[in-house]
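What the coordinates show
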Amino acid sequence: MPAFVTSPYVLPIVLLVASNLFMTTAWYWHLRFKEVALWQVVLISWGLAFIEYCLAVPANRWGATVYAPAQLKTIQEVITLVIFAGFSWLYLNQPLAWNHALGFAFVAVGAFFIFHKW
């Protein structure tokens, strides 16, 4: 693993990216498998969410040493939108429209204000 990944500024982001991959999968993978019983979907998704928690909790614990909680939450939300956009397009075959891009841009503007020091 490259040394920069273990930086207290980078490691939480890497962990949040990994956790969001699991959580997005947990929430949406089953939309392509409607024949799978709901109780099975819940159990499989719960297992994926457990892995997500095992990544997100340390990301937030370690990230809180260098980021404010509002910054961590903002990082997580931006990562979630980016991962969801890719997942939706690549896995669910749902193209993103201009209004999705505009909504994501508004979130990015919000992130700017969270991180901007006045």
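Residues numbered from 1 in each chain as written. Predicted model: local features only at pLDDT ≥ 70, side-chain atom pairs only at ≥ 80, totals over all residues. Heavy atoms only, no water.

Per an unreviewed UniProt entry, the chain carries the name DMT family protein and comes from Rhodoplanes tepidamans.

On to the overall build of the chain, then. Check the secondary structure of the chain and you find four helices and zero strands. In sequence order, the secondary structure elements of the chain are arranged as α-α-α-α. Viewed in the frame of its principal axes, the chain has a C-alpha envelope of about 50 × 35 × 25 Å. For the chain, the residues scored as buried account for 29% of the 118 residues in total. Surface accessibility of the chain: about 8,000 Å² in total, with carbon and sulfur atoms responsible for 76%. (Helix = DSSP H or I, 4+ residues; strand = E, 2+ residues; numbered from the N terminus. Buried < 20%, exposed > 50% of the residue type's maximum accessible area, 1.4 Å probe, protein only. Areas by Shrake-Rupley, 256 points an atom, 1.4 Å probe, with all protein chains shown as cover.)

Our next topic: the pattern of salt bridges. Per the stated rule, a full pass over the model turns up one salt bridge. Linking E77 and K73 is a salt bridge whose minimum nitrogen-to-oxygen distance equals 2.8 Å. Separated by four residues within a single helix, E77 and K73 lie in helix 3 (residues 69–90), roughly one turn from each other. E77 sits in the partly exposed class, given a relative accessible area of 32%. Here K73 falls in the partly exposed class, since its relative accessible area comes to 47%. (Salt bridge = Lys/Arg side-chain N within 4 Å of Asp/Glu carboxyl O.)

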